[in-house]
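Below, each chain spelled out in residue letters.
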Amino acid sequence: MENHRKKMQEYWQRNVRILLTLLGLWFVVSYGFGILLVEELNQFRLGGFKLGFWFAQQGAIYSFVLIIFIYVVLMNKLDKEFDVHED
């Protein structure tokens with residue numbers, strides 16, 4: 001029983017680590033690129049738009065969707081590793 005508890009504790013620690021890493025990445029893209037670094041990024045263009053503007057309007061949304069897919073893949077892998085996956 002104690003071994004199972006330790007295993008589940010490790011599972012949740014790794015789950016939270018994945019979650020915090022991906023949320024940190026989203027914060028950097030949305031807040032960092034879209035607000036803090038907008039002037040520096042606006043020196044470059046993407047599809048005719050200034051890059052800082054693009055990140056503020058579209059990049060954060062695309063990044064969030066990509067992060068969702070990454071989270072699903074990582075969690076499926078973690079679930080299989082700890083044998084808590086759905087069949």
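Note that this is a predicted model, so its numbers are computed, not measured. (Residues numbered from 1 in each chain as written. Predicted model: local features only at pLDDT ≥ 70, side-chain atom pairs only at ≥ 80, totals over all residues. Heavy atoms only, no water.)

1. A look at the pattern of salt bridges
Tallied over the full model, the rule gives two salt bridges. One salt bridge connects R14 with E10, and the closest N-O pair in it is separated by 3.7 Å. Of the two residues, R14 and E10 both sit in helix α1 (residues 2-36), four residues apart, roughly one turn of that helix. Among the residues examined, R14 registers a relative accessible area of 23% and is labelled partly exposed. The closest approach of N and O atoms between R14 and E81, which form a salt bridge, is 2.7 Å. With R14 in helix α1 and E81 in helix α3 (residues 51-81), this residue pair connects regions lying 67 residues apart in the sequence. Taking relative accessible area as the criterion, E81 reaches 46% and is therefore assigned partly exposed. (Salt bridge = Lys/Arg side-chain N within 4 Å of Asp/Glu carboxyl O. Helix = DSSP H or I, 4+ residues; strand = E, 2+ residues; numbered from the N terminus. Buried < 20%, exposed > 50% of the residue type's maximum accessible area, 1.4 Å probe, protein only.)

2. Examining the environment of I70
Relative to the helices and strands, I70 is located in helix α3. Taking the C-alpha atoms as reference points, I70 and M1, separated by 69 residues in sequence, lie 32 Å from one another.

3. Considering α3
Its 31 residues place the ends of α3 only 40 Å apart at the C-alpha level, less than the 45 Å of an ideal helix rising 1.5 Å per residue. Considering bend angle alone, the principal kink of α3 is centred on Q58 and spans about 50°. Taken as a whole, α3 has its buried residues at L51, G52, F55, G59, A60, S63, I67, M75, L78 and D79. Tucked inside the fold, the buried residues of α3 contact α1, α2 (38-41), β1 (45-46) and β2 (49-50). Taken from the residues just after α3, D83 is the one with a positive phi, measuring 55°. (Expected span 1.5 Å × (residues − 1). Bend = angle between axes of the 7 residues up to and from the residue. Contact = heavy atoms within 4.5 Å.)

4. Structural notes on the packing of α1 against α3
At a minimum axis distance of 8 Å, the contact between α1 and α3 shows a crossing angle of 170°. Accordingly, the angle class assigned to the pair α1 and α3 is roughly antiparallel. Partitioning the contact of α1 with α3 into residue classes produces 18 nonpolar, six polar and three charged. (Axes fitted to C-alpha atoms, helices over the stretch in contact; angles between N-to-C directions. Parallel < 35°, antiparallel > 145°, perpendicular 65-115°, else oblique. Nonpolar A, V, L, I, M, F, W, Y, C, P; charged D, E, K, R; others polar.)

5. Quick notes on the side chain of D79
Residue placement: D79 occurs in helix α3. When residues no more than four places from it in sequence are discounted, the contact partners of D79 are Y11, V84 and H85.

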